[in-house]
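The chain contents come next:
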Amino acid sequence: MQVTEINAEGLKHEFKVVVPAQQLETRMQDKLAEIARTVAMPGFRPGKVPMTIVRKKYGGAVMGEILENAVNDGAGKAITDGSLRPAMQPKIEITKYEEGSDLEFTVAVEVLPEIKTMDFGTVNLVRDKAVVPDAEVDDALAKIAERNESSEPVKRAAKSGDVVVIDFVGKLDGVAFPGGTAEGYSLKLGSNTFIPGFEDQLVGKKADTDAEVNVTFPEGYGNEALAGKPAVFEVKVKEVRAPKAAAIDDELAKSVGLENLDALKTAIKDEIARELDGVSRMKLKRALLDALSAGHDFPVPPGMLDAEFEAIWKQVETDKEAGRLDPADAAKSEDELKVEYRALAERRVRLGLLLAEVGRVNEINVTQEDLNRGIMMEARRYPGQEHLVLQYYQKNQEALESLRAPLYEEKVVDFILELAKITDKEVSVEDLRKDPDEAASEGEAEAKPKKKAAAKKKAAE
């Protein structure tokens, strides 16, 4: 097998590979001999089938396998002999082959760039920090109390926000329809849980009164037999109950599984603190990536850049068709947008390669413990369904592996942050939560990753 480099331009390398016909024939004979030892055909004992017959029956399939292996071997030899680190799958093109002749093909491969990392100790960052305000804890307590509110009977007309206990019968053309009848049903007025207009017609009604409610079912109603049709509900208001907020005390804490009110306040404060720490981390990471982007300017493999840009542009076109482009983008020409988004794609690819190189050189790996922690973080996003999330990852290896890339990135980012100089700055909660894209110091091009669904797919921004 002869491998010759015929082109080397930047990160692109191209090789010509020639596999002699005799080498292919030798492999062919060896494989057919192996088959002949065990093959059985009518009229012949096992292992005694003439080679000419074996070749005639299996030669085509065997040669296809031999050619595939020869191509893979040739591509592998080109990469190994050149000590190359491919950025993507090599592109292979067979340029010449006829039965009994040499096999000739080309191998085009893009390699990873040589990356010289900056001195991360020279990176200066400011980390915004905020203290959990007591007012936020109080607001959270009030919302918990509201969710746990009760009600008490009142001797007045019902108003929005009250609960009315009702019996009702729904009729179409004077005939009761299935599913339209209930007794002792508690309905909170203003909750919009019933057909539009139903609740409004019960405002002002008192207990022990009857009402006739006229409504029209929406066109898209789930029951096609009722969709778009007018109906009359004969309603008896049995009771009017005013909402009564739960007291913010130890009993409220116990209702949500905590020992006392102090424990509930602590849990709320800790949860808000975690959320603020997450925002702080996100902004710090973004500032770090900006610094890394400014500090590195190595070339990126064209194929990787094209693939990233195509993914972004596809989402941009989808947003455009759906009318989701922001006004600034909608006012630009397609050529202008392509220039901007190609620059964004190049930034993503370069940062991704940089983080991968830092991880490789410093032997950063994702451990099983890291994966377990990632699973638990995902599970916390679905309160009450944690066990289902855990089962999903236990049974779905592909989903489990999808956690590896972001966890790896976070470990590399942590490694770099340990080396960087970070100054903490206390800010208000409002300023911490403010979208950095809204700040005047942020350029329009950098605002796009936050605004665009396409940019949300990036791992390194």
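Residues numbered from 1 in each chain as written. Predicted model: local features only at pLDDT ≥ 70, side-chain atom pairs only at ≥ 80, totals over all residues. Heavy atoms only, no water.

- The chain is annotated in an unreviewed UniProt entry as Trigger factor of Paramagnetospirillum caucaseum.
- Quoted verbatim from the Catalytic activity (unreviewed entry) field of the UniProt record, the comment on the chain reads "[protein]-peptidylproline (omega=180) = [protein]-peptidylproline (omega=0)". (UniProt positions renumbered as here; feature names shortened; annotations may be inferred.)

Remarks on the pattern of salt bridges
Moving on, step 1. The full count for this structure, using the stated rule, is 37 salt bridges.
Moving on, step 2. With a closest N to O distance of 4.0 Å, K16 and E104 form a salt bridge. Note that K16 is positioned in strand β2 (residues 12-19) and E104 in strand β4 (residues 103-110), a separation of 88 residues in sequence.
Moving on, step 3. Taking relative accessible area as the criterion, K16 reaches 35% and is therefore assigned partly exposed.
Moving on, step 4. Between E410 and K285 there is a salt bridge, and its shortest N-O distance comes to 2.7 Å. Of this pair, E410 sits in helix α12 (residues 404-419) while K285 sits in helix α5 (residues 261-295), and the two are 125 residues apart along the sequence.
Moving on, step 5. Through salt bridges with shared partners, one network takes in R281, K285, E409, E410 and D414. (Salt bridge = Lys/Arg side-chain N within 4 Å of Asp/Glu carboxyl O. Helix = DSSP H or I, 4+ residues; strand = E, 2+ residues; numbered from the N terminus. Buried < 20%, exposed > 50% of the residue type's maximum accessible area, 1.4 Å probe, protein only.)

Overview of the nonpolar core
Moving on, step 1. By size, the foremost hydrophobic cluster in this structure holds 32 residues, and its most contacted members are L125, L288, L292, Y341 and I416.
Moving on, step 2. Of all the secondary structure elements, the ones that give two or more residues to this core are α5, α6 (302-321), α8 (334-361) and α12.
Moving on, step 3. Sort the elements by how many residues they give to this core and α8 lands first, with 10 residues.
Moving on, step 4. Not counting residues up to four positions away in its chain, the partners in contact with L288 are V123, L125, V413, I416 and L417.
Moving on, step 5. Counting residues in hydrophobic clusters, the runner-up holds 28 residues, among them V19, L24, A75 and A78. (Core = buried A, V, L, I, M, F, W, Y, C linked by side-chain atoms within 4.5 Å. Contact = heavy atoms within 4.5 Å.)

A closer look at α12
Moving on, step 1. For α12, with 16 residues, the first-to-last C-alpha span of 23 Å sits near the 22 Å given by 1.5 Å per residue.
Moving on, step 2. For α12, the full list of buried residues reads L407, E409, V412, V413, I416 and L417.
Moving on, step 3. Each element contacted by the buried residues of α12 is listed here: β5 (124-129), α5, α8, α9 (368-380) and β11 (421-426). (Expected span 1.5 Å × (residues − 1).)

Topic: the domain arrangement of the chain
Moving on, step 1. The domain boundaries assigned to the chain delineate domain 1 (2-110), domain 2 (150-244) and domain 3 (261-439).
Moving on, step 2. With centres defined by C-alpha atoms, the gap from domain 2 to domain 3 works out at 47 Å. (Domains from an automatic or database assignment.)

A closer look at the packing of α6 against α8
Axis angle and axis distance: for two packed helices, these are the angle between their axes and the distance between the axes, and together they describe the pair.
Moving on, step 1. Look at α6 against α8: their axes get within 8 Å of each other, and the N-to-C directions meet at 130 degrees. In terms of axis orientation, α6 runs oblique to α8. As for the relative orientation of α6 and α8, their crossing is right-handed in sense. Residues M304, L305, D306, E308, F309, I312, W313 and V316 of α6 pack against E334, L337, K338, Y341, R342, L344, A345, E346, R348, V349 and L353 of α8.
Moving on, step 2. Here the residues of the contact of α6 with α8 are counted per class, giving 12 nonpolar, no polar and seven charged. (Axes fitted to C-alpha atoms, helices over the stretch in contact; angles between N-to-C directions. Parallel < 35°, antiparallel > 145°, perpendicular 65-115°, else oblique. Left-handed = near helix turned anticlockwise from the far one by under 90°. Nonpolar A, V, L, I, M, F, W, Y, C, P; charged D, E, K, R; others polar.)

Side note on the side chain of R241
Moving on, step 1. Looking at the element boundaries, R241 is found in strand β10 (residues 230-244).
Moving on, step 2. At 2.7 Å, the side chain of R241 forms a polar contact with the backbone oxygen of S151.
Moving on, step 3. At 3.1 Å, the side chain of R241 forms a polar contact with the side chain of E239.
Moving on, step 4. Apart from residues lying up to four places away in sequence, R241 is in contact with S151, E152, P153, V154, D162, V163 and V165. (Polar contact = N/O pair within 3.5 Å; in protein donor to acceptor, adjacent residues only side chain to side chain.)

Section: the sheet that holds β4
Moving on, step 1. With antiparallel pairing, the four strands of this open sheet are ordered in space as β1-β2-β4-β3. Only two strands of the sheet have a single neighbouring strand rather than two, namely β1 (2-9) and β3 (91-96). Across the sheet, the axes of successive neighbouring strands diverge by a mean angle of 20 degrees, strand direction being ignored.
Moving on, step 2. By the bridge criterion, seven bridges tie β1 to β2 in an arrangement that is antiparallel. Opposite V3, over in β2, you have V17 as the bridge partner. (Pairing = 2+ DSSP bridges.)

Brief notes about the UniProt feature "domain: PPIase FKBP-type" (unreviewed entry) in the chain
Moving on, step 1. According to UniProt, the "domain: PPIase FKBP-type" (unreviewed entry) feature falls on residues 161-241.
Moving on, step 2. Note that residues 161-241 is 0% helix and 54% strand, and that its end C-alpha atoms are spaced 9 Å apart.

As for the packing of α5 against α8
Moving on, step 1. Here α5 crosses α8 at 95 degrees, and the two axes come no closer than 10 Å. Overall, the two elements α5 and α8 adopt an arrangement that is roughly perpendicular. Touching L289, D290, L292 and S293 of α5 are R347, L351, L354 and L355, all from α8.
Moving on, step 2. Of the residues contributing to the contact of α5 with α8, the split by class is five nonpolar, one polar and two charged.

What to know about the environment of L403
Moving on, step 1. You can see L403 is positioned in the loop between α11 (397-402) and α12.
Moving on, step 2. By relative accessible area, L403 is classed as buried at 10%.
Moving on, step 3. As a C-alpha pair, L403 and T193 span 210 residues in sequence and 38 Å in three-dimensional space.
Moving on, step 4. Once you skip the residues sitting within four places of it in the chain, L403 turns out to touch L371, G374, I375, E378 and Y393.

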